[in-house]
Amino acid sequence: MEIPIENHKAALAAQQAEFDTALAAKEATIAGLQAAATKDKTDAAAEKAAAIEARNKAVADLGAMTAQDQQNAAAVVAALNWATIDAEYADLQAKLAANSAKYDAARATLATLADAINAPFAEREAAAKAARVKELEAQLAAAK
């Protein structure tokens, strides 16, 4: 038994219609994705251009500030009188040396005073210790 060719043609036409519908849907999806990718590329390019512009502005601003800072530093250095600064530094060094000598002399004087003040107490303490030792030795001798 043979199937008429018209049945095959109808089935083939139905399959072709399904294929065409699926192909059209996939092509529409691809077109949508391509449009979205193109929009993303455009947005990324705009963001990159804005970032480059901001960077260039920051570099220009920094260059201007650096030039101004260099001018200010040059003015400060030019205004300094190094001979006066060196003389003041030497004067301060001399004063420091004199004050160090005074400090050392004061420490020596304080040490001498401390020894003079502590000497009687040290003598009394030594005498008290010696008396206590004699007392303990006497108690030890009495206990024997």
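What you see is a predicted model, and the numbers here were worked out from it, not measured in a lab.

Thresholds applied
- Residues numbered from 1 in each chain as written.
- Predicted model: local features only at pLDDT ≥ 70, side-chain atom pairs only at ≥ 80, totals over all residues.
- Heavy atoms only, no water.
- Helix = DSSP H or I, 4+ residues; strand = E, 2+ residues; numbered from the N terminus.
- Rg over C-alpha atoms; globule rule 2.2 N^0.38 Å.
- Buried < 20%, exposed > 50% of the residue type's maximum accessible area, 1.4 Å probe, protein only.
- Areas by Shrake-Rupley, 256 points an atom, 1.4 Å probe, with all protein chains shown as cover.
- Lys, Arg positive; Asp, Glu negative; His and termini not counted.
- Charge placed at Lys NZ, Arg CZ, Asp CG, Glu CD.
- Salt bridge = Lys/Arg side-chain N within 4 Å of Asp/Glu carboxyl O.
- Patch = residues over 30% accessible without salt bridge, like charges linked within 9 Å, V, L, I, M, F, W, Y side chains within 5 Å.

Novice: How should I be thinking about the overall build of the protein chain in this particular structure?
Specialist: When helices and strands are counted, the protein chain shows two helices and zero strands. Taken over C-alpha atoms, the radius of gyration comes to 52 Å for the protein chain, far larger than the 15 Å a tight globule of 144 residues would show. Once the C-alpha set of the protein chain is aligned to its principal axes, its extents read approximately 150 × 80 × 15 Å. Taken across its 144 residues, the protein chain has 0% of its residues classed as buried. Accessible area for the protein chain stands at about 12,500 Å²; split by element, carbon and sulfur atoms hold 65% of it. For the protein chain, the centre of its 15 positive side-chain charges and the centre of its 20 negative side-chain charges are spaced 14 Å apart.

Novice: Explain the pattern of salt bridges to me, please; I cannot follow it from the model alone.
Specialist: A side chain of one charge can pair with a side chain of the opposite charge if their charged atoms are brought near each other. Scanning the model with the defined rule gives five salt bridges in all. The partner of Glu 135 in a salt bridge is Arg 132, with the nearest N and O atoms 3.1 Å apart. One end of the pair is Glu 135 and the other is Arg 132, both in helix H2 (residues 82-143) and three residues apart, which spans about a single turn.

Novice: Teacher, can you tell me more about a nonpolar patch on the surface here?
Specialist: Together, Val 76, Val 77, Leu 80, Trp 82 and Ile 85 make up an exposed nonpolar region whose accessible area comes to about 450 Å². Secondary-structure elements contributing two or more residues to the nonpolar patch are helix H1 (5-79) and H2.

Novice: Teacher, can you tell me more about the environment of Leu 23 here?
Specialist: Along the chain, Leu 23 falls in helix H1. Each C-alpha atom of the pair Leu 23 and Thr 109 lies 109 Å from the other, and the pair is 86 residues apart in sequence.

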